[in-house]
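Structural characterization, general
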Amino acid sequence: MSMAAKPFASSADLGVKERTLEVLADGVYALTAEGDPNLGAIEGEDFLVCFEALATPVAARRWLAELRTHTDKPVRYLVLSHYHAVRVLGASAFDAEVVVSSEQTQRLIAERGQQDWESEYGRMPRLFEEPESIPGLTWPTMTFRDKLTISLGGDRGELVLEHVGRGHTEGDIVAWLPKSKVLFAGDLVESQAALYTGDAFHFDWAAGTLDRVAAFGAEQLVGGRGAIARGRAEVDAAIEQTRAFLTTMHDTVGTAHRAGGTLKDAFEATHAALAPKFGHWPIFEHCLPFDVSRLWDEFSGIERPVIWTAERDRQVWEELQS
Ligand SMILES: [Zn+2]
């Protein structure tokens, strides 16, 4: 059988996505981009909190220009939901007083930030608009272990940043606005987009971590990619769809692993099980080899994700997708 090889990861995805700025509540903004990484911003009385930073300062500046049509308050806090390059390397554009993350995220940047930068640049070059504008790794200047509450001033209530357990990475946090019941969930929840789980803790994520995300009782949820979930039914559907993606992988990869099969067997069974429901979503083909590889490692008893390098990315892709 002869088939054209699939282009590596998202390297052939060069189509520009449409960006939409939405106002979710008074002073609460989200930017979605048809499956590209989402962003958020929250107004305090005399300052802004921004959530996520895109892959480069040039890309981030385009988002800030849109945000500036709504508010000219200075950015006091830039919140990083996790360490992935396409979420953090645009940070310098914000001129934030404080860059906030979990302690775990700070450690991951030190441990594997450079390799992750090179890996993600190879996988998703389109997101790295003018890559030479990146001044270096992004370093958080304020970290917390479990929870950090920021008072927004006036009658704006507070913003709660919380590490709700290991999931998409070891250090993901969510941003919760109790007053407007808006949750920025980062990559812990994807609404109508495929999951990247190459650095994940699948078992924790699908159980306690998603339970804690659901327990906020959000009425609007902004996930890492994809559409905003509006209303409790859509929020619950986005969370349960994320869980279903993970539990399907548990079944197929676990079955192949227990049967003494190969990683390739696990990949093919997982692809067959997920493609009918999720195959048309952004980055499905891109993510799946890395996802299955990490879950295979978890079934093999490897506690923490093996660091992805540009070279290891190509090896796994070659083994599974070509
Ligand atoms: Zn991520």
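Below is a summary of the structure that appears in this document. (Residues numbered from 1 in each chain as written. Predicted model: local features only at pLDDT ≥ 70, side-chain atom pairs only at ≥ 80, totals over all residues. Heavy atoms only, no water.)

**Description of the coordination of the zinc ion**
Worth spelling out the cut-off: Note: metal donors comprise N, O and S atoms at 2.8 Å or less from the metal (3.2 Å for Na, K and Ca); water molecules are not included, so apparent gaps in a site are possible. In short, tetrahedral needs four donors with all angles between 85 and 135 degrees, square planar needs four and octahedral six donors with opposite donors over 155 degrees apart and all other angles between 65 and 115, and whatever is left is irregular. Going along the chain from the N terminus, every DSSP run of H or I of four or more residues is numbered as a helix, and every run of E of two or more is numbered as a strand.
Around the zinc ion, the protein contributes the donor atoms His82 (NE2), His84 (ND1), His168 (NE2) and Asp187 (OD), at 2.1 to 2.4 Å from the metal centre. Because the angles between the 4 donor atoms bound to the zinc ion fall within 89 to 178°, the donor set is best described as irregular. As a motif over one chain, the donors of the zinc ion read H-x1-H-x83-H-x18-D. Here His84 is found in the loop between strand S5 (75-79) and helix H2 (85-88), whereas its partner His168 is found in the loop between strand S9 (158-162) and strand S10 (174-177), with 84 residues between them in sequence.

**Brief notes about the environment of Asp291**
For the record, the criterion: Burial classification: accessible surface area is computed with a 1.4 Å probe over protein chains only, and a residue below 20% of its type maximum counts as buried, one above 50% as exposed, and the rest as partly exposed. In this description, contact between two residues means that some pair of their heavy atoms is separated by no more than 4.5 Å.
With respect to the helices, strands and loops of the structure, Asp291 is situated in helix H7 (residues 284-299). When its relative accessible area of 0% is taken as the criterion, Asp291 is described as buried. In the structure, Asp291 is positioned 113 residues away from Pro178 in sequence and 33 Å away in space, judged by C-alpha atoms. With sequence-adjacent residues up to four places away left out, Asp291 is seen in contact with Leu195, Tyr196, Thr197, Gly198, His202, Phe245 and Met249.

**Focus on the packing of helix H4 (residues 202-215) against helix H5 (residues 232-258)**
Keep this limit in mind: A fitted line through C-alpha atoms serves as each axis, taken over the contacting stretch for helices, and the angle formed by two N-to-C directions is quoted from 0 to 180°. When describing relative orientation, an angle under 35 degrees is termed roughly parallel and one over 145 degrees roughly antiparallel, while 65 to 115 degrees is termed roughly perpendicular and anything else oblique. Note: crossing handedness is left-handed where the near helix turns anticlockwise from the far helix by less than a right angle, and right-handed where it turns clockwise. Put simply, Ala, Val, Leu, Ile, Met, Phe, Trp, Tyr, Cys and Pro go in the nonpolar bin, Asp, Glu, Lys and Arg in the charged bin, and everything else, Gly too, in the polar bin.
With their axes 9 Å apart at the nearest point, H4 and H5 run at an angle of 165° to one another. Here H5 runs roughly antiparallel to H4, going by the angle between their axes. Crossing of H4 over H5 shows left-handed handedness. Of H5, the residues touching H4 (which contributes His202, Phe203, Trp205, Ala206, Ala207, Leu210, Asp211, Val213 and Ala214) are Ile239, Thr242, Arg243, Leu246, Thr247, Met249 and His250. Of the residues that constitute the contact of H4 with H5, the class distribution is 10 nonpolar, 4 polar and 2 charged.

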